[in-house]
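# Secondary and tertiary structure notes
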Amino acid sequence: MRKVVVAIIVLLYCQAALCQNTIGIPAIINHTKEQYHAGNQNWDVRQDADGILYFANNDGLLTYDGTFWHLYPLPNNVIARSVAIGPGHRIYVGGQEEFGYFSPGRHGDLVYTSLKDRIPEKDHDFADVWDICLYGDDVFFRSKKKMFRLRGDSITEYHSTDWGCLSVTRQGIMAYEFTKGLVAYHNGTWMPVIRTGSLPPQAEIRALIDIGRDSILIGTFTRGLYILHDSVVSRFESPALGRIAASDISGIELVEPDRLAIITNLAGCIIVNLRGEEIRRFSKKEGLQNDNIQALLLDKNDNLWLALDNGVDMITYHNAITNIFPEKEDRNAGYTSLIYRHRLYLGGSTGLFSIALDSSHDLSRIKGSFDLVENTRGQVWSLSEVNGQLLAGHTKGALTIGNNKAIFFDDHTGFWTFLPFGGSGAPSSHPAGGAHSSPLIIAGTYNGINVYRYDGHNFINPKIHAQFESAKFVAIDDSLIWVAHSYKGLYKVLFDGIHPPTASVYKDSRGILSPNHNHLNYLGDTLLLTTDKGLFEYDKQKKDFFPSPWLTALFKGITVSFCKEDPYGNIWFTGDKRLGVVDRSGPTPRIVLIPELDNQIMAGGYENINTIDSNNVIVAAEKGFFHIDYARYVKTNEPVRVLIRNVTSSDGNSNLLFGGYANGPKAPVPDRIKYQGNSLHFEFSAAYYAQQPNIDYSYYLKGFDKGWSAWNRRPDKDYTNLPAGDYTFQVRARNTPGNISAVSSYSFTILPPWYRAWWADGIYTLLFFGLLYLFYKRQQQKYARLQLIKLKEQQRQYSEEQQRLRFVHQIEVEKNEKEIIHLTNAKLQGEIEHKNKELASNAMIFVQKGELLSKIKDELTRLKNNAELEKDSKDFKKIIRIIDCELDNPQDWEQFAVHFDSVHTHYLKNLKDRWPDLTVSELKLCAYLRMNLTTKEISQLMNISIRGVETSRYRLRKKLQLSNDANLAHFLLTVTA
């Protein structure tokens, strides 16, 4: 038996694997636990009126507003299993033996109130609360053992051995009870609702939802689906539903009037119609984080939110934009697309893929898988239908496509594009060429231009080439072929259909080309050159490019590198990896940007937009292709709403001012913030989940800013050191330049610092008058002091006057005394000078006397030597001795020395005291030097030769220890002063 069950399960899974999905997959956005910083498992999901999402998470209540995640733990950090939204921002939460609600606190933050304390303690053992439903004035909480009804402040309990699913339907609030089966609440009791038919024994109901006008769909965990109609239960069967039932159904949601989303624990999310046919499947293969889904929610913007066993995923289910990946496993770049003979062809970086069209008006809903066109592995750059043939430009050559197989008709180089040259003798100007017959084909290759002839079946290469540069962008005007190179410029190729083409470089005399991004485009039948310097139309008369005034005005401020006109006259364009449309369906053109595709489409000359019709536009992307239902997109471009989510002030710590929730039905009173907290941080978000990465914000702080800020992507703003005053912070959001939200605002007041408060003003007033009084008293005391000071000043002045008079008298006395001293000194100086004159006179007399005696001595000596007087030589000698004694008379010196010392203040005595070893001759020399006598005069007085005087001076210097450069006379004056 076990082998049979296993075989059946394997067979069911094989059938599931064979089930074909739609080729269009809505964008799937994954949110991991590393992003929301909470538990891995999420058990329930709900959305409030503001668009904020709430998840029952392993770590508590998890909220998400499109930008910020916040976690609110439950008591004892128990797991949250269920969540429901009540009026007045009341969020009911059920967990492990815990239930209650979060509501806005004083600061607009969520504060938890437990309801467990309102039931008897004996009933606290009720296990997990799995469902919460609001019905009228009641709130029902379902656990496996007990059902609680909250009405006002009272709680009523309903016991059972096993309560199953709880849900609100058009027939009232319904649940599954083990003994009674499916029951409905009526006047305080639970009554069975099934009269005919029955559910399988121990059916584990996971969903009860309304379908049609009067029916209820019952989803069981493993027993499939049932329909309740007029109290009659019948099984809802189909092969697809049988496969889904084997995947463990965990929930069902009506996502369209005729579409159901069934979530499972094993196979992800499956979309089925009311006939039980599988329409679309979302699993790990399509981009989910895992296939175990616990709960789902279709939000206000028709996005599907999946609470996963590990993470949270969002599917942009009703978005007009879907992804198409020709290869499910490998999402490689897409380059080109074309519909040919009831097949959709997509060319990308790994080859050419195709799928047969069906009756679906929306190509993204085609069910099936793409087939790789044989012999096309590699990069496929372009697809063109020429002469009824499908041609592919491939990196390995030129291909013709037929019967899902490709054949090379030239493999010498890589090919970019193909254009028909003439039909019935006229060149074609449109790159696609249409289906009309053309005898010549122009091909843009890696090396230049190739020309091919078409013989009705094959494309023949007559070796007509113009090899000059890579010809990626090619356009034809009569016999002139234009080729643009992204960064090398523009080329002109002349070709008449007979002779080989000749290429020349375009002379950019007007400077219209740019160093990069030179592209050729067709806008209808108009040839355009787009460069970094603008948009230029081709003038067929002048055969040159000139600025396009109407396009320049139309695209003012928008970069355009590629543009294309669709069958309805709308202009599709790209620039800076952004996609937009000039919608010309109204009275005036308007630009519609598609921000969902920002930085995801191909750029750099690889742009490709296939505008099949208003419901089917295929755009080449960095990963596969995008399908756009443009008609639906412009209808569902809802306005954005921005919310202020958090406001904090800082005075050293972060203090919450506003937690993002209105704390009552009335607008909150503006916060009064102490001056120390005058640095504020604002967080805001737009709950527009499908376009969250493309939301721009602008803010304005009234009372501080001069105007609105520039648009930017930051969802927060800081203001520091705000002065005291009243302020209103305003913020707005946009997803496109023309779709701007209403303004959200938050008012607050920065209180003045304590020294500017009202009570401080009172203190300042009291201080002012107190200071006036003190000033008055001080002035009185000052006046009394001034009088006393004045009296003392008079006494002081009198005393000073007396002292001055005494001083003047003393000065007069001293002046007289100084005059007497001066006269006395003058008299003494006169006497000294007189004595000096006498001393000098005596010295001169001594000199003259010495000279005279010397002369006499000389004469006598001469006479003594005379022979005639020889006989009288004794008498001569006697006379000479007398003269010598007179010349060297010590009594004369002693008398001179005493007289000299009296005049020169003991000059000789001072010298003798300092240098006791000085001889009499040396003292004489010192005295004569003091008198400023010449060397000759000194020799006469000392009765020595001039040389002897010099010798005596030298000896005196040595005794006095004088250097050679010192002045002896000056030294003697100094040491005896």
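Residues numbered from 1 in each chain as written. Predicted model: local features only at pLDDT ≥ 70, side-chain atom pairs only at ≥ 80, totals over all residues. Heavy atoms only, no water.

### With respect to the overall build of the protein
Counting its regular elements, the protein contains 13 helices and 66 strands. By residue count, 49% of the 977 residues in the protein fall in the buried class. Looking at the protein alone, contacts between residues at least 24 apart form 51% of all its contacts between residues at least 6 apart. Total accessible area on the protein stands at roughly 49100 Å², and carbon and sulfur atoms take up 53% of it. (Helix = DSSP H or I, 4+ residues; strand = E, 2+ residues; numbered from the N terminus. Buried < 20%, exposed > 50% of the residue type's maximum accessible area, 1.4 Å probe, protein only. Contact = heavy atoms within 4.5 Å. Areas by Shrake-Rupley, 256 points an atom, 1.4 Å probe, with all protein chains shown as cover.)

### Quick word on the sheet that holds strand β42 (residues 459-467)
Strand order in this open sheet of four strands is β39-β40-β41-β42, and the pairing throughout is antiparallel. Single-partner strands in this sheet number two, and they are β39 (415-421) and β42. Going across the sheet, the axis of each strand differs from the next one's by a mean of 25°, ignoring polarity. Sheet analysis places strand β40 (residues 440-445) next to strand β41 (residues 448-454), joined by five bridges and oriented antiparallel. Along β41, the bridge assignment pairs Ile442 with Val451. (Pairing = 2+ DSSP bridges. Axes fitted to C-alpha atoms, helices over the stretch in contact; angles between N-to-C directions.)

### Describing the packing of helix α11 (residues 935-942) against helix α12 (residues 946-960)
For the pair α11 and α12, the least separation of the axes is 8 Å and the interaxial angle reads 95°. The orientation of α11 relative to α12 falls into the category roughly perpendicular. On α12, the residues touching Thr935, Lys936, Ile938 and Ser939 of α11 are Ile946, Val949 and Glu950. When grouped by side-chain class, the residues that make up the contact of α11 with α12 number three nonpolar, two polar and two charged. (Parallel < 35°, antiparallel > 145°, perpendicular 65-115°, else oblique. Nonpolar A, V, L, I, M, F, W, Y, C, P; charged D, E, K, R; others polar.)

### Observations concerning the packing of aromatic side chains
Where two aromatic rings form a pair, the distance of their centres and the angle of their planes describe that pair. Going through the model one piece at a time under the given rule, you end up with 58 aromatic pairs. Between Tyr92 and Phe141, the aromatic rings sit 6.0 Å apart at their centres with planes inclined by 70°, giving edge-to-face as the arrangement. Remark: Phe141 occurs in strand β12 (residues 138-143) and Tyr92 occurs in strand β8 (residues 90-95); sequence separation between them is 49 residues. No difference in accessibility class separates Tyr92 from Phe141, as the two residues are buried. A centroid spacing of 5.8 Å and a plane angle of 75° characterise the contact between Phe140 and Trp190, whose relative ring orientation is edge-to-face. Of the two residues, Phe140 is situated in strand β12 and Trp190 in strand β18 (residues 189-192); the sequence distance between them amounts to 50 residues. Each member of the pair Phe140 and Trp190 is classed as buried. Aromatic rings pair up to connect Phe658, Phe682, Phe684, Tyr697, Tyr699, Phe704, Tyr719, Tyr727, Phe729, Tyr746 and Phe748 into one cluster. (Phe/Tyr/Trp six-rings, centres within 6.5 Å; stacked < 30°, edge-to-face > 60°.)

### Comments concerning unusual backbone geometry
We note that His342 has phi near 65°; this positive angle belongs to a residue other than glycine. By the secondary structure assignment, His342 is in the loop between β31 (334-340) and β32 (343-348). Even without glycine at this site, Asn375 takes up a positive phi of about 75°. Structurally, Asn375 can be placed in the loop between β34 (371-372) and β35 (380-386). Accessibility expressed as a relative area gives 44% for Asn375, which makes it partly exposed.

### Overview of the layout of surface pockets
Put simply, the largest pocket is a space of about 1300 Å³. Looking at the largest pocket, it is lined by 43 residues, and the ones nearest its centre are Trp130, Asp131, Cys165, Leu166 and Arg206. Within the residue set of the lining of the largest pocket, elements represented by two or more residues are β3 (42-47), β7 (80-86), β11 (129-135), β15 (163-169), β19 (205-211), β23 (249-256) and β27 (293-298). (1 Å grid on protein atoms, 1.4 Å probe; cavity = no way out; pocket = protein on both sides within 12 Å on 5 of 7 lines; lining within 4 Å. Points joined across faces, edges and corners; volume = space filled by probe spheres on them.)

### Observations regarding empty space enclosed by the protein
Gaps between atoms show up when a probe of the same size as a water molecule is rolled over them. Going through the model one piece at a time under the given rule, you end up with six cavities of 30 Å³ or more. Size it by volume and the largest cavity reaches roughly 80 Å³. When the residues that make up the lining of the largest cavity are grouped by side-chain class, the tally is five nonpolar, seven polar and three charged. Every residue lining the second largest cavity is listed: Glu256, Arg280, Tyr317, His318, Asn319, Thr322, Asp362, Ser364, Arg365 and Arg632. Of the residues in the lining of the second largest cavity, the class split is one nonpolar, four polar and five charged.

### Brief notes about the nonpolar core
Judged by nonpolar contacts, the single largest core of 27 residues is most densely connected at Leu911, Ile938, Leu956, Leu960 and Leu972. Going through the elements one at a time, α8 (890-903), α9 (907-914), α10 (920-930), α11, α12 and α13 (968-975) are the ones with two or more residues in this core. In terms of nonpolar packing, the next biggest core, distinct from the first, is built from 25 residues, Ile644, Leu680, Tyr688 and Leu722 among them. (Core = buried A, V, L, I, M, F, W, Y, C linked by side-chain atoms within 4.5 Å.)

### Looking at a nonpolar patch on the surface
A surface patch of nonpolar side chains, amounting to about 1300 Å² of accessible area, comprises Trp754, Tyr755, Trp758, Trp759, Ile763, Tyr764, Leu767, Leu771, Tyr773, Leu774 and Tyr776. Along the chain, Tyr773 falls in helix α6 (residues 758-864). (Patch = residues over 30% accessible without salt bridge, like charges linked within 9 Å, V, L, I, M, F, W, Y side chains within 5 Å. Salt bridge = Lys/Arg side-chain N within 4 Å of Asp/Glu carboxyl O.)

### Things to note about the environment of Phe684
Tracing the backbone shows Phe684 in strand β61 (residues 679-686). Separated by 617 residues in the primary sequence, Phe684 and Thr67 have C-alpha atoms spaced 8.1 Å apart.

### Overview of the sheet that holds strand β28 (residues 304-308)
Pairing within the open sheet is antiparallel, and its four strands lie in the order β2-β29-β28-β27. Looking at strand neighbours, the two that pair on one side only are β2 (28-31) and β27, the edges of this open sheet. For this sheet, the mean angle separating the axes of adjacent strands, direction not counted, is 20°. One ladder, built from five bridges, connects β27 with β28; its direction is antiparallel. Each residue of the ladder has a partner; that of Ile293, found in β28, is Leu308.

### What to know about the confidence of the model for the protein
Across the protein, pLDDT averages 86, with 89% of residues at or above 70. With pLDDT under 50 throughout, residues 1-18 is counted as low confidence; its partners more than four residues away or in other chains account for eight contacts. Counting contacts from residues 423-434, a segment whose pLDDT is below 50, to residues more than four positions away or on other chains yields 31 contacts. (pLDDT = per-residue confidence, 0-100.)

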